[in-house]
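# Working through the structure, step by step
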Amino acid sequence: MPDDPVIAISGVVREPVEVRLEELSALPHRETLADFHCVAGWTATDLRWEGVRFADFYRRFVEPALEPGVTVTHLAFEGLDGAASVAELQDALADDVMLARRLNGRPLNGDHGAPIRLVSPAQYGYMSIKHLCAVEVCSALPAHRLGTKIFDRLLEGHPRARVWQEERHGRVAGRLVRPFYRALIGPIRRLSAKGAQGE
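Residues numbered from 1 in each chain as written. Predicted model: local features only at pLDDT ≥ 70, side-chain atom pairs only at ≥ 80, totals over all residues. Heavy atoms only, no water.

## A word on the overall build of the protein chain
The following threshold applies: In this text, helices come from DSSP runs of H or I with a minimum length of four residues, and strands from runs of E with a minimum of two, each type numbered from the N-terminal end. Any two residues having at least one pair of non-hydrogen atoms within 4.5 Å are treated as being in contact. Each accessible area is a Shrake-Rupley result for a 1.4 Å probe, and residues are judged covered by the shown protein chains and nothing else.
Each helix and strand in the protein chain was counted, giving five helices and 10 strands. For the protein chain, the share of sequence-separated contacts (at least 6 apart) that also reach a separation of at least 24 residues comes to 59%. Accessible area for the protein chain stands at about 10,800 Å²; split by element, carbon and sulfur atoms hold 53% of it.

## Here's the deal with the pairing of strand β7 (residues 98-103)
Rule in force here: For two strands to be treated as a pair, DSSP must find no fewer than two bridges joining them.
Pairing of strand β4 (residues 43-53) with β7, which is carried by five bridges, proceeds in the antiparallel orientation. Each bridged residue has a counterpart across the sheet, and for R53 the counterpart in β7 is M98. Judged from the two bridges that link them, β7 and strand β8 (residues 106-107) form a sheet pairing that is antiparallel. Bridge pairing links L103 to R106 in β8. Taking the residues between adjacent antiparallel strands as the criterion, β7 and β8 are bridged by two residues, where N104 takes a positive phi near 50°.

## Examining the confidence of the model for the protein chain
As a reminder of what qualifies: Per-residue confidence from the predictor is reported as pLDDT, a score between 0 and 100.
Taken over all residues, the pLDDT of the protein chain has a mean of 82, while the share at 70 or more is 73%. When mean pLDDT is compared element by element in the protein chain, helix α1 (residues 54-62) scores highest at 98, while helix α3 (residues 150-154) scores lowest at 39. Contacts of residues 147-155 to residues separated by more than four positions or lying in other chains number seven contacts, the stretch itself having pLDDT below 50. Across residues 195-199 the pLDDT falls below 50, and counting only partners more than four positions away or on other chains, this stretch makes four contacts in the model.

## Concerning the sheet that holds strand β10 (residues 132-138)
As a reminder, the rule being used: Axis lines are fitted through C-alpha atoms, for helices just across the contact stretch, and the angle between N-to-C directions can take any value from 0 to 180 degrees.
One open sheet holds the five strands; their spatial order is β2-β1-β10-β5-β6, and the pairing between them is mixed. What marks the edges here is a single partner per strand, and that holds for β2 (17-20) and β6 (84-88). Strand-to-strand twist across the sheet, computed as the mean angle between neighbouring axes with direction ignored, equals 20°. Those strands touched by α1 are β1 (6-11), β2, β5 (74-79) and β10, and its axis lies near 65° from that of β1.

## Digging into the packing of aromatic side chains
The geometry of an aromatic ring pair is captured by two quantities: the separation of the ring centres and the angle between the planes. Definition in use: Here the aromatic set is Phe, Tyr and Trp, taking the six-membered ring for Trp, and pairing holds for ring centres within 6.5 Å; pairs whose planes are under 30 degrees apart are stacked, those over 60 apart are edge-to-face, and all others are tilted. For every residue, the accessible area obtained with a 1.4 Å probe (protein chains only) is divided by the maximum for its type, and the residue is called buried under 20%, exposed over 50%, and partly exposed between those limits.
Applying the stated criterion across every chain, the model contains four aromatic pairs. On the numbers, 5.6 Å between centres and 35° between planes, the contact of F54 with F57 is tilted. In this pair, F54 and F57 are both assigned in helix α1, three residues apart and thus about one turn of the helix distant. When sorted by exposure, F54 lands in the same class as F57, which is buried. With 5.4 Å between their ring centres and 75° between their planes, F54 and F77 make a pair best called edge-to-face. Of the two residues, F54 is situated in helix α1 and F77 in strand β5; the sequence distance between them amounts to 23 residues. The exposure classification of F54 matches that of F77, with both residues buried. Three or more aromatic residues link up through ring pairs in this structure, and these residues are F54, F57, Y58, F61 and F77.

## Regarding α1
Among the nine residues that make up α1, seven are buried, leaving the element largely enclosed by the rest of the structure. Of all the residues in α1, the buried ones are F54, A55, D56, F57, Y58, F61 and V62.

## Considering the pattern of salt bridges
As a reminder of what qualifies: Throughout this description, the term salt bridge denotes a Lys or Arg side-chain nitrogen within 4 Å of a carboxyl oxygen of Asp or Glu.
Taken as a whole and judged by the stated rule, the model has eight salt bridges. The partner of R30 in a salt bridge is D95, with the nearest N and O atoms 3.1 Å apart. Here D95 lies in the loop between α2 (89-92) and β7 and R30 lies in strand β3 (residues 30-37), a separation of 65 residues in the sequence. One continuous salt-bridge network, built from bridges that share partners, spans R30, R53, D56 and D95.

## Some thoughts on the nonpolar core
Soluble globular proteins tend to bury their nonpolar side chains together. Counted only if it meets this: The definition of a nonpolar core used throughout is a set of buried Ala, Val, Leu, Ile, Met, Phe, Trp, Tyr and Cys residues joined through side-chain atoms within 4.5 Å.
The biggest cluster of nonpolar side chains holds 31 residues, and the ones touching the most others in it are F54, F57, L75, F77, L99 and V137. Contributions of two or more residues to this core are made by β1, α1, β5, α2 and β10. Take this core: its biggest share by element is five residues, from α1. Excluding residues that lie within four positions of it along the chain, V137 makes contacts with I9, S10, G11, V12, V13, V62, L66, V72, H74 and L75.

Rendered as structure tokens:
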């Protein structure tokens, strides 16, 4: 983990910007109680996240950096571990989306996305990027962020990933892929437990 973590802002901005995590203290503090839904079918309930609303971050740091006259449609998020997601602007600016630094009264640890993570409770967990380090501002769906290999297409997430619409997969209805994802719950739990023991 970097000694002085930042969130790098790039894309359709006049010039790239780096926001140090300490600068987030100027934004209103936010707490939210929410469930976390994995695309595989399990849910962690009543998690208490603390941080700042992503919409406040966007208005304070992203909007002033935008190129004049640009229309933003999507945001691409990237973590220090290389994980990435792409969200429509309207989903990213929802009132419950936040940049979290604490979970259940404690600072985030490595398993939960330290030093900061995106949390979007209305979307499946793959949208809530851990170890957030970069936000790319886009005026169209960023084609370079989409997988091109057959394996990527098989696991392709839905572009909105809304839990209550069961938007699990990019090309297949949620009810059809539900059994496949449910079969992964056991192996994912075992791998997660193994990783937690090694930390």
